[in-house]
Each structure stands twice: as C-alpha cells, then as structure tokens.
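Structure at a glance
One letter stands for each residue in the lines below.
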Amino acid sequence: MMSLRYTTLLATIVLGACAQTSQRPDAALKLPPSYREVCAVTFGTAATAPLDTWWTGFADATFQRVMDHALADNLGLAQARARVSQANAIAQAAGARLMPQVQVRASGADVSQSLLDPIPRLASGISGFERQFTQSQVGAGLFWDADLSGGLAAGRDAARDDAAASEAALQAARIGLAAETAQSYLRMRTAQGRLSVAQQQEAVQRRLQDLVTKRVERGVAARRELALASAALEAVLAGMPTLRAELDAELARLDVLMGSAPGTYRTELELEAPLPEPPRIADAQGPVALLRRRPDIMAAELRLAASHSRLAMAQSEYYPKLSLSALLGWSSSVGGRLLTGDALMHDVSAGIRWRIFDFGRVDAEVANARGHEAEALAAYRAAVYSAAAEVETAFSALLQEELRQRTLERQLAHLQSARDSMNKAYNEGAASLLDVLDIDRQVLATKDQHWLARLGKARATVVSFRALGGGWQHPDPRPPAATAAVPSNATCASHAQAHEEQTQGHPKLFLPPRGAEPVLPVSGGTHQKQKPDAKAL
C-alpha cells in the first residue's frame, strides 16, 4: 500500500514536469517581399560597400581612422560590453542551480563548559563528565533539487536568452555608434565646405565693393550703391560665426565619440578636406532578411523567448518540488579518534515541497508572466515593422536627396552663367547694382543648399546602412531565408527620371524599359508569416 502511494506521488511529479511544455506564441508577421524604393540602392555609378564595414566605401582615410577609434574606444560601447559580462555571469549562475551542490566542511573547537548552566551542572555529578574537551568535525554534504517540474531549467533558459539579448544589444549599440560617428564626421566636413563657400563669397563681395568704390570716386555711381555693396558684404560675414560654431560642436562631438576629451583630435580633423562621396549599397534584400540581420530585432526575439521561459518557471510552481540531501563525515570530542569508525556519521534524506494551498498566488504569478510574454511579443512585432519602415524611409530619402542634388547642380550652372553675364553688363553700365547683388545672393544660397543636399544624400546613405543592420559581422554565414530581386540600373534610371520630371512639374507615368521588371509599391499580395525562434539564432 505504501509503495502504491509513493508510485502515485512520483507519477504526479513526473506528469507535472511534462505539463510545462507549452507552445511559443506566433508573431504572425506580414512583410512585403521587397522594398518600394529599392531603386535608391542600385541607382548611380559609385562603388559599392559591404554591409559589415560600409564606412570603407567612403574612401576617406581620415574617416576610416575616426571610425576605428570610435568602435574601439567609445565609452558607451564599453558600458554595453560590461552589461554583456554581467548577463553572462547571471546565466552561468542560473545553469549552476541545476547541478548538485557539494560542500566540504571542517571545524575544530576547544570547549570549556559552564558549571552554572543547567545541563553541565547536572552532568557534573556523573562519572566521566569532562568540563573541558576538544570537538573536531570533518565531512561533506550534498544537496540537489531534482527539478522534475522544469522550473530551474526554464530559469536557466531565460537567463541564457537574456545574455544573448545583451550581446545583440551590444551589436545594436555598435551599429548606432557607427552611424552617429559617420553623421557627425559628415556634418563636420559639410560645415567646413559651407564656411569655404562663404569665404569665397566674401572675396567676391569685397571685389564688388572695391569696384563700386572706384565707380563712386569717378562719379559714375551713387553712394547708395556703395552702401548696398557694403551691406551685402556684411550679410555674408554675419553667416560665418554660425558655421564656425557648428564646426566646433562637431569637432568636440567626434572627440567624445572616440572616447577622448574634447580637443584631442582637433588638430588633425580641422584640416579642411572634401566631403567624401557616399558608396552604393551592395546588398538590399527584402524585409524578411532583417529578421536575422538587425541585432535589435534579434534582441527583441530573444527577450520574447526569455519571457516564455519565465512563464514556464511560473507554471512549475503548480507542481511539487523534490530535493535530495546527503551528509557524510566524522565528529569526535576525543583527541586522536576523529577519523575512526566510531566517529563516522551519515545522513540521507529526501524532501517534497508543494504550494498546494497557495494556488491563488501562483495563479497571479502565472498571469503576470503571461502579461510579460504578451508585452514582449508586441515589442518584437513593433521592432520588426519599425525596422522595415526605417529602411523604406531611408531609401526614399536617399533617392530624393539624389534628385535634389542634381537639380541644384543644374540651377547653380545656370546662375553662374547668369552672374558672368550680369557682371559684364554692370561693367558696361547696362545693368544695375541691385541686379548684380541679387544674382550673387542666389549663387551663395544655391551653393549652400548644394552642400546641404550633398550632406543629405550622404546622411541618407548612412541611415540606409544602419537600417539594413550594417556595421557588424553576423556570426551566422547562412543565406537569409528570403531575398528580393533588385531591379536593374536601367530600370532605376527610368524611375529616377520619372521622379525628376515630376519635381519639375511634368508628371509622367513611369514605364520601365522593355524587358525590365517594373518597380511598383507592394500592396496586398501574399505575405509570409515568420514565427520567432530564438533557438535558431
């Protein structure tokens, strides 16, 4: 009868362990097969750059050194690395709880009993009573939680997923740092270029002021023209302090990003250099590829897996816990007889703990864990959709900045020709000074906008690389689960021409060249469901 009871109890514990297996939630992701503005990736003749080290495609040695310093010495990355070490230590401790705990103890004491205490006082009248003696003990103890309900294993899995999520967060921080450093460097070079344009315009305005001064001295021009020329010069000079302040701010920001005090690398960086031309993106697969390319998505998926394991931990409290313990050692108060058979002692025991009258609290703990899992699932889906939207936005900005730069280049060429003609007409007395000043103002403004357009294109390229998860070495060499066909350059050229004509006020229905695949926005169609599985990462 007793054997039947023990068998029933053991069966209950084993069935409790089996009951912990539950289905992971399905993220039910719906992603289009390709990006709408994928032409922004392939359009142009610039060299391509790999995603892992996209900054090398800018072909700028100084930029490369800045990136190397930032990725090696940035203090924000140092903090992220420390967090990874902490998470790994927690995961190691969680795994150790599944193993038996063995402790070895040894002690010795020289005891003198008080004869005023009740027990020594009564025992003092017994023959053989020793008031003073030496007590020695040595032995080993073992304790093991059998974890038949799976709670400790689930805790270990959750800690491992948290550690992996910390590693993914470190790589996400690396990607963000690379993009932030690149944008700061590009803003610094742009500020230098805009300041150079302003200085060139200052020289033009000073020559014009000298010319007007001579014309006033000869009596062929009124003094109001000299006042207008001087005011135009002051307007150019007034814009320079803002550009210098912007340049100083970016130089200081770059020093901090490289893990140094402001001013450390200023001497090297403040040497004027051209704004590097951005490369093209070598690989722009569809949104599905982001699931294994973006470390922030990987981190969100791992947090979802950790929350599922913690749900299993909470559910394990419905079932009994079995623990085993054993003790083997020697204890003696007689000198010289510690390691003898008479001093040997041992103890083997088993215990069961079951929160059978605490199920209300267990229910609350399980409900709380389910809520955390639902939150992690929503966060994962939001991370995926936000990442896809970031790529779409970056590609659109890249294409539009390219069109803007080309438009400004044409506008600048027209203005330069008009200014040459206007200056010649003014010298011949066929044009007024107001006409000259107006064309000079337009040239300065257009040059400044052209620099900003070049910066916008370069920054959009950086944002595109970041959105695609570029800037780190993926540990899994397997190809993505799904890829998207990238249209040909001819197709993208026609697409860009259609956009360009629309910006010029001539709408045109885009038709790709014969034999080329059309580039159309994805709407409807067949969507793929991607089920998150952190174990596959």
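Keep in mind it's a predicted model, so treat the numbers as computed, not measured.

What follows deals with the side chain of R189. For R189, the position within the fold is in helix α6 (residues 151–217). No salt bridge is formed by the buried R189; its nearest oppositely charged neighbour, D60, is found at 4.9 Å. Of note is the side chain of R189, whose polar atom sits 2.8 Å from the side chain of Q192. In contact with R189, other than residues within four places in its own chain, are T62, L269, L271, E272, A273, P274, L275, P276 and W451.

Pairing is antiparallel across the open sheet formed by four strands, whose spatial order is β2-β3-β5-β6. Because the sheet does not close on itself, it has two edges, and the strands there are β2 (101–112) and β6 (344–353). Across the sheet, the mean angle from the axis of one strand to that of its neighbour is 20 degrees, orientation sign disregarded. Both strand β5 (residues 321–332) and β6 contribute to a ladder of ten bridges, which runs antiparallel.

Assignment of secondary structure puts A169 in helix α6. Once the C-alpha coordinates of A169 and P295 are considered, the two residues, 126 residues apart in sequence, prove to be 6.6 Å apart. Those residues within four positions of A169 in sequence are excluded, and the remaining contacts are A299 and R303.

In this section: the nonpolar core. Core analysis: the biggest nonpolar cluster contains 58 residues, and W54, L269, L290, Y380 and L468 have the highest contact counts within it. Of all elements in the fold, only α3 (61–73), α4 (75–96), α6, α8 (240–257), α10 (290–293), α11 (295–315), α12 (359–427) and α13 (433–467) reach the threshold of two or more residues within this core. With ten residues, the single largest contributor to this core is α6. Dropping the residues within four chain positions of it, W54 is found in contact with A49, A178, A179, A182, P279, V462, F465, G470 and G471.

Further remarks concern the side chain of R355. Relative to the helices and strands, R355 is located in the loop between β6 and α12. Note on R355: relative accessible area 17%, which makes it buried. Polar side-chain contacts of R355 include one of 3.2 Å to the side chain of E317. The contacts of R355, once residues within four sequence positions are left out, are E317, R361, V362 and E365.

Our next topic: α12. For α12, built from 69 residues, the straight-helix expectation of 102 Å at 1.5 Å per residue is met to within 8% by its first-to-last C-alpha distance of 97 Å. Two residues or fewer past α12, G429 is found with a positive phi of approximately 80 degrees.

Confidence along the chain averages 80 in pLDDT terms, with 82% of residues attaining 70 or more. This stretch, residues 479–486, has a pLDDT under 50; its non-local contacts, to residues over four places away or in other chains, come to 17 contacts.

Attention shifts here to the packing of α6 against α11. Axis separation between α6 and α11 bottoms out at 8 Å; the angle between their running directions is 165 degrees. Comparing the axis directions of α6 and α11 gives the class roughly antiparallel. Of the two possible hands of crossing, α6 and α11 adopt the one that is left-handed. When grouped by side-chain class, the residues that make up the contact of α6 with α11 number 16 nonpolar, four polar and six charged.

As a packed pair, α6 and α12 sit with axes 12 Å apart at the nearest point and diverge in direction by 15 degrees. The angle between α6 and α12 falls in the class roughly parallel. Classified by chirality, the crossing of α12 by α6 is left-handed. Within the contact between the two elements, α6 uses Q201, V204, L211, V212 and R215 and α12 uses R419, Y426 and N427. The residue inventory of the contact of α6 with α12, partitioned by class, reads four nonpolar, two polar and two charged.

So, how was this worked out
- Residues numbered from 1 in each chain as written.
- Predicted model: local features only at pLDDT ≥ 70, side-chain atom pairs only at ≥ 80, totals over all residues.
- Heavy atoms only, no water.
- Helix = DSSP H or I, 4+ residues; strand = E, 2+ residues; numbered from the N terminus.
- Buried < 20%, exposed > 50% of the residue type's maximum accessible area, 1.4 Å probe, protein only.
- Lys, Arg positive; Asp, Glu negative; His and termini not counted.
- Salt bridge = Lys/Arg side-chain N within 4 Å of Asp/Glu carboxyl O.
- Polar contact = N/O pair within 3.5 Å; in protein donor to acceptor, adjacent residues only side chain to side chain.
- Contact = heavy atoms within 4.5 Å.
- Pairing = 2+ DSSP bridges.
- Axes fitted to C-alpha atoms, helices over the stretch in contact; angles between N-to-C directions.
- Core = buried A, V, L, I, M, F, W, Y, C linked by side-chain atoms within 4.5 Å.
- Expected span 1.5 Å × (residues − 1).
- pLDDT = per-residue confidence, 0-100.
- Parallel < 35°, antiparallel > 145°, perpendicular 65-115°, else oblique.
- Left-handed = near helix turned anticlockwise from the far one by under 90°.
- Nonpolar A, V, L, I, M, F, W, Y, C, P; charged D, E, K, R; others polar.

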